[in-house]
Every structure is written in structure tokens, then in C-alpha cells.
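# Breakdown of the fold
If you want the building blocks of each chain, they are given just below.
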Amino acid sequence: AEMKLLALGLYNLGCRTYRFLASFLTLPSKASIFSWFHSLPCEPGTNKAIFNAIQQKISTFSDHDKLCVLLMDEMSLKSNLHYDTHTDRIIGFEDFGSQNGQSDKMATSALVFMVRGIARNCKQPVTYFFTASTCKSNQIQTLLIDCLNNLNDIGLTVKGVISDQGSNFLQLSKTLGITPEKPYFVHSSRKYYYLFDPPHLL
């Protein structure tokens, strides 16, 4: 297990670095590393393994380095069904994770939440969902609050939430009471600034 973690850490630094080290060190092959990646659980919904991994990684961070923003974005998908041999499941249906499960509708969009460091240059997708249509603002709000709670539980300090100007995100900002005079919302006594993606604004 320690050798696997070392190999994965080295490969994460860059494939060129890994190839260079493999020229004089006995390291697992690229195929072995990819098979380990595929064995890691990465299903839609809240994945505790990802949050636990982030918690372990930030355990040595200073409070300043734990400052981050939560990005959320939705993208269109080409509808398709795929059988996953590792999990013995059919992928391609609307899926909100283990809590709400799959529906019988074909997924046409994916909603992704990603954490981005403010003081430290790091980013990590933390959860995703397959939806049969554009995700409604009330659904996004529920998923957003759940994600914020999980990030706070592992010790990250989320200062803001960023999205593009899709109609569902605009409605979400109105529901949260975001205005030019009050560009933030409060949840569990914490203040979160809501920003629209600057490249889209430009």
C-alpha cells in the first residue's frame, strides 16, 4: 500500500517526472497505476473518500492556505448508456448519488462542484451529478449547502461560490438574496460571497 501511494504521488507530479525516475528506480508501470485509479470509488453524489483524502492533504496547511472558493458548473452530455464492469452498474441515467439514487431518465447534463485554492495553487473536483435536464435552482441550492457543509467539516474555509450566468444559477442567486449591495449569503453563521465567473462577465 505504501508503494502504491508513493507511485501515485510521483505520477501526480507529472508523467515526464515519473518516466525519468522509472529509468533508474523500480516503479510500477503506467498500466498498473491506471488500474489502481480505476479501482478508486468515484460515483455521483457525495463521495466521502474524496473528502477524506482532501482532509488528509490539508492537515499540514496553514489557515491561510485553507482559504478556497467553491466553483459549480453544468455541462451538456451526449446521452449514452455504458455498463461499468467494476461497479456492475449501468451508467448514463440521471443520478444524484446514493442518497437519491438513479432515475429511469437518460442523463443529458452533468453538474460539477470543484474546490479552488485562493492562497495556494490547487484545485480538486469534489462531487458531480448526472441530470436528465438543466438542474433546477432549488436542487442546486440543496446540493450546494450539502457540499459547503462537507467542506467545512474537513477544515477548509470556503470564502465564496462561483458560477456562470446560466438561468438556473441566476435564479439560485436570487433565491439566496444576492444583490449588488449584498453580494453574499449566510449559512450556519458563515458568510459566503457569490460571484459570477469573471471570464463570462468580460
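Above this text is the structure in question.
A brief report on the enclosed structure follows. (Residues numbered from 1 in each chain as written. Predicted model: local features only at pLDDT ≥ 70, side-chain atom pairs only at ≥ 80, totals over all residues. Heavy atoms only, no water.)

Right, let's get into the packing of helix H5 (residues 137-153) against helix H6 (residues 167-175). Between H5 and H6, the shortest axis-to-axis distance is 8 Å and the interhelical angle comes to 65°. In terms of orientation, H5 and H6 fall into the roughly perpendicular class. Handedness of the H5/H6 crossing: right-handed. Contacts between H5 and H6 involve Ser137, Ile140, Gln141 and Leu144 from the first element and Asn168, Phe169, Gln171, Leu172 and Thr175 from the second. (Axes fitted to C-alpha atoms, helices over the stretch in contact; angles between N-to-C directions. Helix = DSSP H or I, 4+ residues; strand = E, 2+ residues; numbered from the N terminus. Parallel < 35°, antiparallel > 145°, perpendicular 65-115°, else oblique. Left-handed = near helix turned anticlockwise from the far one by under 90°. Contact = heavy atoms within 4.5 Å.)

With that settled, consider the pattern of salt bridges. The final tally for this structure, using the stated rule, is one salt bridge. A salt bridge links Arg120 to Asp65, with the nearest nitrogen and oxygen atoms 3.2 Å apart. Highlighted residues: Arg120 in the loop between strand E6 (109-117) and strand E7 (123-131) and Asp65 in the loop between helix H4 (48-57) and strand E1 (67-76), separated in sequence by 55 residues. (Salt bridge = Lys/Arg side-chain N within 4 Å of Asp/Glu carboxyl O.)

Turning next to the side chain of His187. By secondary structure assignment, the location of His187 is in strand E9 (residues 184-187). A polar side-chain atom of His187 sits 3.4 Å from a polar atom in the side chain of Ser188. (Polar contact = N/O pair within 3.5 Å; in protein donor to acceptor, adjacent residues only side chain to side chain.)

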